[in-house]
Amino acid sequence: GSSGDDSWYHSIQGQRFLSTGAADGSQFQINSYTTHNQYGAAIDVDASGNFVVVWQSWGSSSGDISSQSIQGQRFAAGGVADGEQFQVNTYTTDAQRYPAVSLSANGEFVVVW
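Residues numbered from 1 in each chain as written. Predicted model: local features only at pLDDT ≥ 70, side-chain atom pairs only at ≥ 80, totals over all residues. Heavy atoms only, no water.

(A) Just the packing of aromatic side chains, in detail. Within this structure, the stated rule accounts for 3 aromatic pairs. Ring geometry for phenylalanine 51 and phenylalanine 75: centres 4.8 Å apart, planes at 10°, overall stacked. With phenylalanine 51 in strand β4 (residues 51-58) and phenylalanine 75 in strand β5 (residues 68-75), the pair connects residues that are 24 residues apart, well separated along the chain. Judged by relative accessible area, which is 8%, phenylalanine 51 ranks as buried. Every member of this aromatic cluster is reached through a ring pair, and the members are Phe28, Phe51 and Phe75. (Phe/Tyr/Trp six-rings, centres within 6.5 Å; stacked < 30°, edge-to-face > 60°. Helix = DSSP H or I, 4+ residues; strand = E, 2+ residues; numbered from the N terminus. Buried < 20%, exposed > 50% of the residue type's maximum accessible area, 1.4 Å probe, protein only.)

See below:
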């Protein structure tokens, strides 16, 4: 479950922190697709504080309903979602798992799984 609107057993949550270790704002839900479980998150942050989170999702609102898909969400430095949750994988047969992400200084990123 979550403090957001995801009532399944596993969701992806985030919490931003200041360099002092103090929480910056409240815990927030990363995933907007809330049907079935979300897990196995990875994150990268650029020098400006923008970040990308990727994770495994059981199913997807973007067409991968075979098994597990790789989902992503971009965020601005302030922790506000930048666009909509998106499906990373285009191959949709069987499970896609164990994502990792790398974000460049200019905001481009690559995801592997």
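More follows now that the structure is in view.
(B) Geometry of the pattern of salt bridges. Taken as a whole and judged by the stated rule, the model has 1 salt bridge. Linking arginine 16 and aspartate 24 is a salt bridge whose minimum nitrogen-to-oxygen distance equals 3.2 Å. Judged by its relative accessible area of 23%, arginine 16 falls in the partly exposed class. Assessed through its relative accessible area of 28%, aspartate 24 is described here as partly exposed. (Salt bridge = Lys/Arg side-chain N within 4 Å of Asp/Glu carboxyl O.)

(C) Spotlight on unusual backbone geometry. Notably, histidine 36 is not glycine yet its phi reads approximately 75°, a positive angle. One non-glycine residue, aspartate 94, adopts positive backbone phi at about 65°. Here aspartate 94 is to be found in the loop between β6 (86-87) and β7 (100-103).

(D) Representation of the pairing of β5 in the model. In terms of burial, β5 is largely enclosed, as 7 of its 8 residues are buried. As paired elements, β4 and β5 share 8 bridges and run antiparallel to each other. From the neighbouring strand, tryptophan 55 faces β5, where its bridge partner is glutamine 71. The pairing of β5 with β6 spans 2 bridges and is antiparallel. Note that in β6 the partner of glutamine 71 across the bridge is glutamine 87. (Pairing = 2+ DSSP bridges.)

Purely spatial values, then, with no claim about function.
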